[in-house]
Every structure is written in structure tokens, then in C-alpha cells.
Amino acid sequence: MAATPIAVITGASSGIGAATARQLAASGYRVVLTARRKDRIEALAAEITEAGHQATAYALDVTDRAAVDEFATAFRSLAVLVNNAGGALGADPVATGDPQDWRQMYETNVIGTLNVTQALLPALTASGDGTVVILSSTAGLSTYEGGGGYVAAKHGEHVLAETLRLEIVGTPVRVIEIAPGMVRTEEFATTRFRGDEEKAAKVYAGVDAPLTADDVADTINWAVTRPSHVNIDLLVVRPRAQASNSKVHRTS
């Protein structure tokens, strides 16, 4: 009997990461959930297990290279890596943006993705049919006012995905980039505005049906489960109400 394929999901404690873990588990993967909040991923692992699937929780900070390298020693073979850990901080213009916010966003979105991908690439290659998913953003493709730091980080992540694909072509590992537009999750905008729920709510005010975490997870699950000779290089997914990063239809 063939072993159950393993999928590692970073940033799995909430939002898109948690939704992706649920969907990949339902698709037959043994999911390994990583995030800094141990209690959240342990609860999710228990939920997935109770639903009849396989899940393991592992507390991990993707910016801690030593911890990432130690985590990677658990895997001789790995089917899927979903680089989801990331996020935004602040919405200040370039002229007044906090360099520490920019640094933290770069460390989490770019260096975190680099750390985990480098550490797990040998196991992905050893599987004979590995998949790296990089969850970037439409912010990695075009800019918008007040988003300089996040846009810069996501551009970096986008280029990481493009470059890795070029460098490992011919190996049994494909590189998929999923770039969502406006997604309403329970934490993204609230974290960006440091707990200011009023500011967070304004991001989505009047927008008919922003994407949900499940929408993006469904997209990831679909891309990962294509036949192994099929590579979804870049998939941009937005709500119908959003034409671009700066053009959103609002009803009020």
C-alpha cells in the first residue's frame, strides 16, 4: 500500500492556511500544520483528525532558520509545501512608513518562504513528485497607495517563485504561485491595523462578496491536485467586485 502523501502548510493557525489544511486533508493528504500559535494548530489538528483525516501540529516560526532546519529533519519525502505564512503591517505612505514594519514583512513573507522552501526542497525532490505552493498576492504584481512595504515584500515573494521555477526545471518538483486579491479573513486586516477593527472593516465596506479563506483554499487544492505534468505557474484570483488593486466596486 502506498504511503499517504504529506503536505506541510505554514501559517496554518487561521484564515487561508487553516482552510487549506482542511481541504488538503479531505483530498487525502496527511497535513502537517505549522504556525507560531501552538494552541490554534493543535485544535485544528484535532478537528481534522476527528473528521477522519490525518493531521499533525508543529509550532514553528518560519523566520527562525535553525528551528526550520530542525523541523525539516522529520521528512525524508514530502509531496506538498504550501508557503502561506506572511501578512501585512500598516498602510502608511512610503514617506512615513515604519522601516521596522517593512523589515518584519520582508522577513516573514520572503525570508520565511525562503527558509522553509530551502529546508524542505530535498524532501520534495526525493518524493519524485513534489509541489511547492507560494501564496503571494496581487500586491506582488502591481502596487497601490499605502501598500509600499507589503507590496515590496510580495513582489519579492513573486520573484522568488519565478526564479525557483527556472532553476529547478527538469527536477520532479513544480512551483505554483497563487496570487489572491481582496480576501476577507478573520485576522488579515485586523493585524495590519494592529487590532483596530474599525479601520479593518473599512477595507471591505460596501464590497459585494470579497473572497473568503475557503475560496482561496479551494484554488490551492485544485492547483495541487492537477496531474503531476500540469503546472499552474501563476493563478490570480479576485472577487468579481475587484478589477485591480485600486479599482473596487463598492455599493456604498
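Please read these numbers as outputs of a predicted model, since none were measured by experiment.

The rules behind each value
- Residues numbered from 1 in each chain as written.
- Predicted model: local features only at pLDDT ≥ 70, side-chain atom pairs only at ≥ 80, totals over all residues.
- Heavy atoms only, no water.
- Helix = DSSP H or I, 4+ residues; strand = E, 2+ residues; numbered from the N terminus.
- Rg over C-alpha atoms; globule rule 2.2 N^0.38 Å.
- Buried < 20%, exposed > 50% of the residue type's maximum accessible area, 1.4 Å probe, protein only.
- Contact = heavy atoms within 4.5 Å.
- Areas by Shrake-Rupley, 256 points an atom, 1.4 Å probe, with all protein chains shown as cover.
- Lys, Arg positive; Asp, Glu negative; His and termini not counted.
- Charge placed at Lys NZ, Arg CZ, Asp CG, Glu CD.
- Pairing = 2+ DSSP bridges.
- Axes fitted to C-alpha atoms, helices over the stretch in contact; angles between N-to-C directions.
- Salt bridge = Lys/Arg side-chain N within 4 Å of Asp/Glu carboxyl O.
- Right-handed = clockwise from strand over helix to strand, strands pointing away.
- Core = buried A, V, L, I, M, F, W, Y, C linked by side-chain atoms within 4.5 Å.
- Expected span 1.5 Å × (residues − 1).
- Phe/Tyr/Trp six-rings, centres within 6.5 Å; stacked < 30°, edge-to-face > 60°.

A.B. asks: Could you clarify how one ought to interpret the overall build of the protein chain in this entry?
C.D. replies: In terms of helices and strands, the protein chain carries eight helices and seven strands. The C-alpha atoms of the protein chain give 18 Å as radius of gyration, which agrees with the globular expectation for 252 residues (18 Å, within 12%). Along the three orthogonal principal directions, the C-alpha set of the protein chain runs to about 55 × 40 × 35 Å. Taking all 252 residues of the protein chain together, 48% fall into the buried category. Taking as baseline every contact in the protein chain between residues at least 6 positions apart, the subset at least 24 positions apart corresponds to 72%. Within the structure as shown, the protein chain displays about 12,000 Å² of accessible surface, and the carbon and sulfur contribution to it stands at 52%. Charged side chains of the protein chain number 22 positive and 28 negative; the gap between the two group centres comes to 3 Å.

A.B. asks: Which parts of the structure should I look at to understand the sheet that holds strand β1 (residues 6–9)?
C.D. replies: Within a sheet, adjacent strands bond to each other through the backbone by hydrogen bonds, running parallel or antiparallel. Reading across the sheet, the seven strands line up as β3-β2-β1-β4-β5-β6-β7 and stay open at both edges, with parallel pairing between neighbours. Only two strands of the sheet have a single partner each, and these edge strands are β3 (54–59) and β7 (234–237). Each neighbouring strand pair of the sheet contributes to a mean axis angle of 15°, computed without reference to strand direction. Of the pairings in the sheet, the one linking β1 to strand β2 (residues 30–35) comprises four bridges and is parallel in character. Paired with Ala7 across the bridge in β2 is Val31. Set on the sheet, helix α1 (residues 15–26) makes contact with β1, β2, β4 (80–83) and β5 (130–135); between it and β1 the angle comes to about 170°. The sheet contacts of helix α2 (residues 38–50) involve β2 and β3, and relative to β3 the element is tilted by about 175°.

A.B. asks: Could you clarify how one ought to interpret the pattern of salt bridges in this entry?
C.D. replies: Oppositely charged side chains are able to pair whenever their charged atoms sit close together. Throughout the structure, instances matching the rule amount to five salt bridges. Salt-bridge contacts for Arg22 lead to Glu47; the nearest nitrogen and oxygen are separated by 2.6 Å. Highlighted residues: Arg22 in helix α1 and Glu47 in helix α2, separated in sequence by 25 residues. Across the salt bridge formed by Glu157 and Lys154, the nearest N and O atoms sit 2.7 Å from each other. Of the two residues, Glu157 and Lys154 both sit in helix α5 (residues 148–168), three residues apart, roughly one turn of that helix.

A.B. asks: Whenever I open this one, the pairing of β1 confuses me. Can you help?
C.D. replies: Consecutive side chains along a regular strand alternate between the two faces of the sheet. Residues Ile6 and Val8 point to one face of β1 and Ala7 and Ile9 to the other, with burial holding for every one of them. Assessed by its sense of winding, the connection that carries the chain from β1 through α1 to β2 is right-handed. Pairing between β1 and β4: three bridges, direction parallel. Within β4, the residue paired with Ala7 across the bridge is Val80.

A.B. asks: Hey, could you run me through the nonpolar core in this one?
C.D. replies: Here is a general trend for soluble globular proteins: nonpolar side chains tend to be buried in one another's company. Membership of the largest hydrophobic core comes to 36 residues, with the highest contact counts inside it found for Val31, Leu33, Ile178 and Ile220. Once residues lying within four places of it in the same chain are set aside, the contact partners of Val31 are Ala7, Ile9, Ala21, Leu24, Ala25, Ile48, Gln54, Ala55 and Thr56. Ile6, Val8, Ala85 and Ala88 belong to the second largest nonpolar core, which has 34 residues in total.

A.B. asks: Would you mind going over the side chain of Thr131 with me for this structure?
C.D. replies: Tracing the sequence through the fold places Thr131 in strand β5. When sequence neighbours within four positions are dropped, the list of residues in contact with Thr131 reads Ala79, Val80, Leu81, Leu124, Val173, Arg174, Ile176 and Val224.

A.B. asks: Would you mind going over helix α8 (residues 213–224) with me for this structure?
C.D. replies: Note that an α-helix has 3.6 residues per turn; residues three or four places apart therefore point the same way. Between its first and last C-alpha atoms α8 spans 16 Å; for 12 residues at 1.5 Å apiece the expected length is 16 Å, and the two agree. Among all positions in α8, only Ala213, Val216, Ala217, Thr219, Ile220, Asn221, Ala223 and Val224 are buried. On its buried face, α8 sits against α1, β4, β5, β6 (173–180) and β7.

A.B. asks: Looking at this structure, how should I read the packing of aromatic side chains?
C.D. replies: The description of an aromatic ring pair uses the distance of the two centres, along with the angle that the planes make with each other. Taken as a whole and judged by the stated rule, the model has two aromatic pairs. With a centroid separation of 4.7 Å and an interplanar angle of 55°, the aromatic rings of Tyr58 and Phe71 are classed as tilted. Taken together, the positions of Tyr58 in strand β3 and Phe71 in helix α3 (residues 65–72) put the pair 13 residues apart, joining distant regions of the chain. Taking the centre distance of 5.1 Å and the plane angle of 70° together, the rings of Phe71 and Phe75 count as edge-to-face. Just as Phe71 is buried, Phe75 falls in that class too. One aromatic cluster is present, formed by Tyr58, Phe71 and Phe75 through successive ring pairs.

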